[in-house]
Amino acid sequence: MTRTNVDAMTAKNDTLASDEKATGWRGSRAVWMAAAKQALISSGVDAVKIQPLAGQLQIARTSFYWFFKDRNALLDALLEEWDTKNTGAFVEACGAYAEAIPEAVLNLIAVFHDEALFEPQLDFAIRGWAHHSDLAAGRVHEADETRLKAIRAMFARFGFAEDEADVRARTVYLTQIGYISMQVSEATAVRMARAPGYVKTFCGQAPSPSELARFYARLKFDPAAET
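Our subject in this report is the structure included herewith. Computed from a predicted structure; not experimentally measured.

## Some points on the overall build of the protein chain
Okay, step 1: Scanning the protein chain for helices and strands turns up 10 helices and zero strands.
Okay, step 2: Reading the protein chain from its N end, one meets helices and strands in the order α-α-α-α-α-α-α-α-α-α.
Okay, step 3: Classification of the 227 residues of the protein chain by burial places 39% in the buried group.
Okay, step 4: Restricting to contacts in the protein chain with at least 6 residues of sequence separation, those with at least 24 account for 69%.
Okay, step 5: About 12,300 Å² of surface is accessible on the protein chain, with carbon and sulfur atoms providing 53% of the total.

The following block contains the structure:
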């Protein structure tokens with residue numbers, strides 16, 4: 001490393017150290033990520049910029065560089081976090097234990113009702129971003145293929161032929177993504193009441209009362225309270 005590079009790094013570190021002393025807090029990677037994600041969801045990718053985020057967090061702009069090389073690194077991290085969480089939820093649900101295909105489908109439907117597992121607003125924001133970015137579009141395409149592959153494997157596990165598993169997987173996935181893309185708003189009771197019909201449509205079999213009971217319990221939904 002040249003003397004010039006050493007001096008430059010020293011100057012940058014001195015600036016960051018001075019900044020930290022002035023503010024008393026430089027945030028954390030998680031704090032910057034949370035703010036960036038909220039900006040993306042609320043206003044789109046153009047709102048994910050260092051200075052506005054710093055102002056919102058009341059942290060000096062230079063603090064950002066303790067955690068990310070530049071804005072592109074932050075955007076890459078947002079894509080990675082989205083894919084790990086939302087696509088990961090699909091894969092896990094499709095591989096979860098089920099005695100029969102109706103329960104397997106209910107396992108997957110449950111993902112869309114639990115934002116701790118899957119964030120629909122984030123999925124919508126990422127897809128909006130993909131309309132203007134080849135990088136984001138590529139990641140969305142990869143995620144869609146991974147999710148469809150997992151759903152096809154779920155149907156295949158219960159004896160569906162390859163071509164039928166593919167069509168049913170697309171029916172499940174495109175319906176649920178349609179809810180997100182159209183930003184459909186339904187009361188919980190209404191959507192829950194439709195779940196048995198969706199299951200029968202998706203797999204050709206209606207869920208049993210015990211399967212529905214487990215599904216409702218998982219989502220902390222009490223049908224009796226809605227009647």
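## Overview of the pattern of salt bridges
Okay, step 1: If you walk through the whole model with that rule in mind, you get 13 salt bridges.
Okay, step 2: A salt bridge links K37 to E119; the shortest N-O distance between them is 3.0 Å. In this pair, K37 is assigned in helix α2 (residues 29-43) and E119 in the loop between α5 (101-111) and α6 (120-130), connecting sequence segments 82 residues apart.
Okay, step 3: Given the relative accessible area of 18%, K37 is considered buried.
Okay, step 4: Notably, a salt bridge pairs R139 with D83, separated by 3.6 Å at the nearest N-O pair.

## Some details on the side chain of K37
Okay, step 1: At 3.0 Å, the side chain of K37 forms a polar contact with the side chain of E119.
Okay, step 2: Contacts of K37, omitting those with residues within four sequence positions, involve L78, E81, E119 and L122.

## Let's talk about the packing of α6 against helix α7 (residues 134-157)
Okay, step 1: Contact geometry of α6 with α7 gives a least axis separation of 7 Å together with a crossing angle of 130°. The angle between α6 and α7 falls in the class oblique. Remark: the crossing between α6 and α7 carries left-handed chirality. Where α6 abuts α7, its residues D123, I126, R127, W129 and A130 lie against A136, A137, V140, D144 and R147.
Okay, step 2: Residues that form the contact of α6 with α7 fall into these classes: six nonpolar, no polar and four charged.

## Digging into the environment of F155
Okay, step 1: Relative to the helices and strands, F155 resides in helix α7.
Okay, step 2: For F155, a relative accessible area of 0% corresponds to the buried category.
Okay, step 3: With 51 residues separating them in the primary sequence, F155 and A104 have C-alpha atoms 8.6 Å apart.
Okay, step 4: With residues near it in sequence (within four places) discarded, F155 still touches I101, V105, F160, A165, R168, A169, V172, F202 and C203.

## Quick word on the packing of α5 against helix α10 (residues 209-218)
Packed helices, taken two at a time, are described by their axes: the angle between them and the distance between them.
Okay, step 1: Look at α5 against α10: their axes get within 10 Å of each other, and the N-to-C directions meet at 15°. Compared by their axis directions, α5 and α10 come out roughly parallel. For α5 against α10, the interelement crossing comes out right-handed. Counting all contacts with α5, which are made through P102, E103, L106, N107, I109 and A110, the residues of α10 involved are E211, L212, R214, F215 and R218.
Okay, step 2: For the contact of α5 with α10, the class distribution of residues is six nonpolar, one polar and four charged.

## So, the environment of A165
Okay, step 1: By the secondary structure assignment, A165 is in helix α8 (residues 162-181).
Okay, step 2: Of the residues examined, A165 reaches a relative accessible area of 2% and is grouped as buried.
Okay, step 3: Residues A165 and L148, spaced 17 residues apart in sequence, show a C-alpha to C-alpha distance of 10.0 Å.
Okay, step 4: Those residues in contact with A165, other than ones at most four positions away along the chain, are R152, F155, A156 and F160.

## Brief notes about helix α9 (residues 188-203)
Okay, step 1: Compared with an ideal rise of 1.5 Å per residue, which puts 16 residues at 22 Å, α9 spans 22 Å between its outermost C-alpha atoms and is within 8% of the ideal.
Okay, step 2: At A195, α9 shows its maximal kink, close to 35°; a proline, P196, follows between one and four residues later.
Okay, step 3: Buried residues of α9: R191, M192, A195, V199, F202 and C203, and no others.
Okay, step 4: Of the surrounding elements, those touching the buried residues of α9 are α5, α7, α8 and α10.
Okay, step 5: With its phi angle positive at about 85°, G204 sits one or two positions after the end of α9.

The rules we used
- Residues numbered from 1 in each chain as written.
- Predicted model: local features only at pLDDT ≥ 70, side-chain atom pairs only at ≥ 80, totals over all residues.
- Heavy atoms only, no water.
- Helix = DSSP H or I, 4+ residues; strand = E, 2+ residues; numbered from the N terminus.
- Buried < 20%, exposed > 50% of the residue type's maximum accessible area, 1.4 Å probe, protein only.
- Contact = heavy atoms within 4.5 Å.
- Areas by Shrake-Rupley, 256 points an atom, 1.4 Å probe, with all protein chains shown as cover.
- Salt bridge = Lys/Arg side-chain N within 4 Å of Asp/Glu carboxyl O.
- Polar contact = N/O pair within 3.5 Å; in protein donor to acceptor, adjacent residues only side chain to side chain.
- Axes fitted to C-alpha atoms, helices over the stretch in contact; angles between N-to-C directions.
- Parallel < 35°, antiparallel > 145°, perpendicular 65-115°, else oblique.
- Left-handed = near helix turned anticlockwise from the far one by under 90°.
- Nonpolar A, V, L, I, M, F, W, Y, C, P; charged D, E, K, R; others polar.
- Expected span 1.5 Å × (residues − 1).
- Bend = angle between axes of the 7 residues up to and from the residue.

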